[in-house]
Structures are given as structure tokens and as C-alpha cells.
Amino acid sequence: MTSAKRRKNPIAAAPRHTKGLHIVALFEGAKGVLVLLTGFGLLALIHKDVHEIAARLIANFHFNPASHYPRIFLDLLERLDDHKLWAMAWAALLYSTMRLAESIGLWLRKKWAEWFGVLSGGIYLPVEIYELSLGITWPKVSVFVINLGVVLYLLFVLIRNGGDER
């Protein structure tokens, strides 16, 4: 038997959790793309009257601009200038680059990406627990459960694969 015949099909030899890693990779990639698009949206606001745009947005949704949350939103945007928009756009670029790199690494089943996913997802868990202690809402619970699920799954993959080098 030749050595070529003895080699296994790499797709058939792939671990069972490859599909799970691909799902997590797509999720992280989607977050990266969403933040990247948000950063481009911030750049579109440079040299514009952001407060006026926000006031029109609130009016279009028929919110009372004097009520609590719209007032906080308007007050926050009143202090927003072009330098802060640039800083937020650069932060969005950095964050999306990290998420997209993680996504590619997870898709390719790289161990560094699994560790990065555990650390970058795990860092938010204490904050999410604190937020839940202030009041339980469906969005808070959903974010916590999804993040915890991703972190636990990546930990499971790391433990399951042990010391195999990828």
C-alpha cells in the first residue's frame, strides 16, 4: 500500500466540534463586521450637526425629547465632537480587527484563537453578572447566556483537544 493511500482524508479526520467552532467563528465575524460598519457610520457623522440628527431621529420615533432616556441621549451627543467621532471610529476598527482575526483563527481551528475567545469573552462575564445584579432583563440575560455559552464551549474544545498542536 502506498503512503498516499494510507493518508486519511483531512475532512473526515476533522474533530466533531469543527462545526461548533465554525458557528462561533461566524458569530464573532458578524460582531466584527457590525462594529466595522458602525465605525464607518461614525465617520459619516464627522463635520455634521450630530445633535440635530439625534433630535430628528427622536422626533421620527415619536419619543418625548424631555423624557429620561432621550434626554440622556441628547445630552451625550451634545458633547460629541469630530475628535471623539474619530477616536470612536478608530476604536471600532481595532475591535472589529480583533473579532475578525479571532473569527478566522476559529474557522481554521487555531488553538490561539480558542484561547483568545475564552479570554476576550470571559473578561465581560463579571461586568455582565454585575449588570444582572442591578436588574434582570431579557437583553441582559440573553447577552450573558450567549457569552457564557461561547466561553464554556471554547473551554470544552481546549480541554477536549488537550495538547494537540494545530
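Heads up: these notes are all about the structure in this document. Bear in mind the structure is a predicted one, so any value in this text is a computation, not a measurement.

Considering the pattern of salt bridges
Oppositely charged side chains can pair when the atoms bearing their charge come close. Going through the model one piece at a time under the given rule, you end up with six salt bridges. Between Glu28 and Lys31 there is a salt bridge whose closest N-O contact spans 3.2 Å. In this pair, Glu28 and Lys31 are both assigned in helix α2 (residues 18-44), three residues apart and thus about one turn of the helix distant. For Glu28, a relative accessible area of 4% corresponds to the buried category. Overall, Lys31 belongs to the partly exposed group, its relative accessible area being 27%. Taken together, the shared-partner salt bridges connect Glu28, Lys31, Arg99 and Glu102 into one network.

Considering the environment of Ser142
Along the chain, Ser142 falls in helix α8 (residues 138-161). A distance of 2.8 Å separates a polar side-chain atom of Ser142 from the backbone oxygen of Trp138.

Digging into the packing of aromatic side chains
Inspection of the entire model under this criterion finds two aromatic pairs. Note on Phe61 and Phe63: the rings are 6.0 Å apart at their centroids and 20° apart in plane angle, and the pair reads as stacked.

Things to note about the nonpolar core
Among the nonpolar cores identified, the biggest contains 14 residues, and Leu21, Val24, Leu106, Val118 and Leu154 are the most heavily contacted of them. Secondary structure elements with two or more residues in this core: α2, α6 (111-122), α7 (125-134) and α8. With six residues, α8 is the single largest residue contributor to this core. By size, the runner-up hydrophobic cluster in this structure holds nine residues, among which are Ile46, Ala54, Leu85 and Ala89.

Analysis parameters
Residues numbered from 1 in each chain as written. Predicted model: local features only at pLDDT ≥ 70, side-chain atom pairs only at ≥ 80, totals over all residues. Heavy atoms only, no water. Salt bridge = Lys/Arg side-chain N within 4 Å of Asp/Glu carboxyl O. Helix = DSSP H or I, 4+ residues; strand = E, 2+ residues; numbered from the N terminus. Buried < 20%, exposed > 50% of the residue type's maximum accessible area, 1.4 Å probe, protein only. Polar contact = N/O pair within 3.5 Å; in protein donor to acceptor, adjacent residues only side chain to side chain. Phe/Tyr/Trp six-rings, centres within 6.5 Å; stacked < 30°, edge-to-face > 60°. Core = buried A, V, L, I, M, F, W, Y, C linked by side-chain atoms within 4.5 Å.

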